[in-house]
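An overview of the molecular structure
What follows is the residue order along each chain.
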Amino acid sequence: MSRKIITYIIDVAKVWMHEYRQIFKDEGTLLFVILVPLLYPVLYSWIYNNEVVKEVPVAVVDCSHSAMAREFVRHCDASSDVKVAYKCNSLEEAKDLVGHQKVYGVIYMPEDFGTRLGRMEQAHVSVYCNMGLMLTYKAIFQTCTAVAADLNSRIQIELSGAYTAREGEITASPINVRDVPMFNNTGGYGNFILPGVLVLVLQQVLLLGIGMAYGTSYEKHGFVRLKPMLERNFGLSRIMVGRTLGFLVLFVMLSAWVLLAIPRIFNFVHIMPRGEFLLFTIPYLLACIFFAITFSFIVRQRENVMLLVVFTSVPFLFMSGVSWPKSNIPEIWQLTSYLFPSTFGIQGFIKLNTMGCLFSDIWPEIKALWMQVIVYGALATLVTRWQVRRS
């Protein structure tokens, strides 16, 4: 009995080592399995490390030439988010600057701005923003809104006839609203989108790596050497355990870099307890590995997998519900998203790492991942058996 166990372990180790030799001998597979998860999260995080934009250039068209209009413009320019880069005589001139991307917004003060305020009528300020860049739009619009609210309060206090500063404060703001950002204290894009992207990177890299490795085996008839092992007792089990352990051990180490080290290096929100890292990562990686092996069934040439994976990256991110509210996703696409490990992996990681949930709070995601491990594990076993027998 012990001899059979030793033989089983040796066969598993042979398959395990063969997978590593196949990865490290193939430059393309090595690039996607090792270098991409090491370097791509660094590049992506570095690009979005400046999470908020500052000193966004805008153009001002002041047709009013009143003291209040000039004060409005001065307050906008004094903010940290907006810089008055140009003063134009017409909207057409400002539009030309926007077209050449010299400015990202236009503040337009109409001729009757000062006159209306002098008559105690409502005045209007028009703010035109480049909606192609959401961060610049947010900076310009929020700055103009804040300046308008501040000037409104001052005008209300002057007209109220309040005798004390406290009376004026209550008059201008009878209800005080305190804005407390939750889960994303910087209000930045990096903290918002990066956690989901980092989890998705692991799935896509496994799809690329396993797809390219298996595509190479199809082209070079690499499955032939596994035929003798398949004929032994529990031969298919030896092959599956060896392959799975090979990718699992490698990607547990890569996951520690991607999910633990990268958020700390770039100061993103990272509050997931380290003790729960493996409890979350192992079912997610197993589901991704078996999903990738099942996916390799349709891969006959190694180049095809790159086209398929690149095409699916953005849909996977959207269907996960991190970049678009899940309630606004059609039901058919919500059901489709349940087929992919990234959907539950992204939701579970964000709850643990960004929202501060306990591990018991992500139990639905963990159960879903283990169900995928069982289903895709069975499919991957059938695919592997078919690949070896048909080789």
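Rules of the game
Residues numbered from 1 in each chain as written. Predicted model: local features only at pLDDT ≥ 70, side-chain atom pairs only at ≥ 80, totals over all residues. Heavy atoms only, no water. Phe/Tyr/Trp six-rings, centres within 6.5 Å; stacked < 30°, edge-to-face > 60°. Helix = DSSP H or I, 4+ residues; strand = E, 2+ residues; numbered from the N terminus. Buried < 20%, exposed > 50% of the residue type's maximum accessible area, 1.4 Å probe, protein only. Axes fitted to C-alpha atoms, helices over the stretch in contact; angles between N-to-C directions. Parallel < 35°, antiparallel > 145°, perpendicular 65-115°, else oblique. Left-handed = near helix turned anticlockwise from the far one by under 90°. Contact = heavy atoms within 4.5 Å. Nonpolar A, V, L, I, M, F, W, Y, C, P; charged D, E, K, R; others polar. Pairing = 2+ DSSP bridges. Right-handed = clockwise from strand over helix to strand, strands pointing away. Expected span 1.5 Å × (residues − 1).

1. Notes on the packing of aromatic side chains
Inspection of the entire model under this criterion finds 9 aromatic pairs. Relative to Phe 141, the ring of Tyr 137 lies with its centre 5.8 Å away and its plane at 20°, an arrangement referred to as stacked. Taken as a pair, Tyr 137 and Phe 141 lie in helix 6 (residues 134–160) at a separation of 4 residues, close to a single helical turn. Judged by centre distance (6.0 Å) and plane angle (70°), the rings of Phe 291 and Phe 340 are edge-to-face. Here the residue Phe 291 occupies a position in helix 11 (residues 277–295), and Phe 340 occupies one in the loop between helix 13 (331–337) and helix 14 (341–353), the gap between them amounting to 49 residues. Of the two residues examined, Phe 291 and Phe 340, each falls in the buried class. An aromatic cluster is defined as three or more aromatic residues linked by ring pairs; in this entry it consists of Phe 291, Phe 295, Phe 316, Phe 340 and Tyr 376.

2. Observations concerning the packing of helix 11 against helix 14
For the pair helix 11 and helix 14, the least separation of the axes is 10 Å and the interaxial angle reads 165°. Classified by the interaxial angle, the pair formed by helix 11 and helix 14 is roughly antiparallel. Of the two possible hands of crossing, helix 11 and helix 14 adopt the one that is left-handed. Along its contact with helix 11, which presents Phe 280, Tyr 284, Ala 287, Cys 288 and Phe 291, the element helix 14 presents Pro 341, Ser 342, Gly 345, Gly 348, Phe 349 and Leu 352. Class assignment for the residues of the contact of helix 11 with helix 14 results in 8 nonpolar, 3 polar and no charged.

3. A closer look at the pairing of strand 1 (residues 56–62)
Judged by how many residues are buried, strand 1 sits mostly within the fold: 7 of 7 residues are covered. Covered by surrounding structure in strand 1 are Val 56, Val 58, Val 60 and Asp 62 together with Pro 57, Ala 59 and Val 61, the residues of both alternating faces. Bridge count between strand 1 and strand 2 (residues 82–88): 6 bridges; the pairing is parallel. Residue pairing in the sheet places Val 58 in a bridge with Val 84 of strand 2. Once the chain exits strand 1 it traverses helix 3 (residues 67–78) before rejoining the sheet at strand 2, and the crossover so formed is right-handed. Of the strand pairs in this sheet, strand 1 and strand 3 (residues 105–109) are connected by 4 bridges, and their pairing is parallel. Bridge assignment links Ala 59 to a residue of strand 3, and that residue is Val 106.

4. As for helix 3
A rise of 1.5 Å per residue sets the reference length of helix 3, with its 12 residues, at 16 Å; its end C-alpha atoms lie 16 Å apart and thus fit the reference within 8%. Turning to helix 3, its buried residues number three or more, namely Met 68, Ala 69, Glu 71, Phe 72, Val 73 and Cys 76.

5. What about the environment of Leu 245?
The residue Leu 245 is located in helix 10 (residues 235–265) in this model. Classification of Leu 245 as partly exposed rests on a relative accessible area of 29%. Residues Leu 245 and Leu 286, spaced 41 residues apart in sequence, show a C-alpha to C-alpha distance of 9.3 Å. Residues in contact with Leu 245, not counting those within four places in the same chain, are Val 12, Trp 16 and Tyr 20.

6. Let's talk about the sheet that holds strand 3
Overall, mixed pairing links the 4 strands, which are arranged 2-1-3-4 in an open sheet. Looking along the sheet, the strands with just one partner apiece sit at the ends: strand 2 and strand 4 (126–129). Ignoring strand direction, the axes of neighbouring strands in this sheet form an average angle of 25°. Sitting on the sheet, helix 3 touches strand 1, strand 2 and strand 3, and the angle it makes with strand 2 is about 140°.

7. Focus: unusual backbone geometry
One non-glycine residue, Glu 55, lies in positive phi territory at about 50°. Along the chain, Glu 55 falls in the loop between helix 2 (27–47) and strand 1. A residue is classified by how much of its surface remains accessible, and Glu 55, at 37% relative accessible area, is partly exposed. With phi around 55°, His 65 is a residue other than glycine that occupies positive phi space. With respect to the secondary-structure elements, His 65 resides in the loop between strand 1 and helix 3. Overall, the relative accessible area of 58% leaves His 65 in the exposed class.

Spatial relationships are all this shows, so hold off on functional conclusions.
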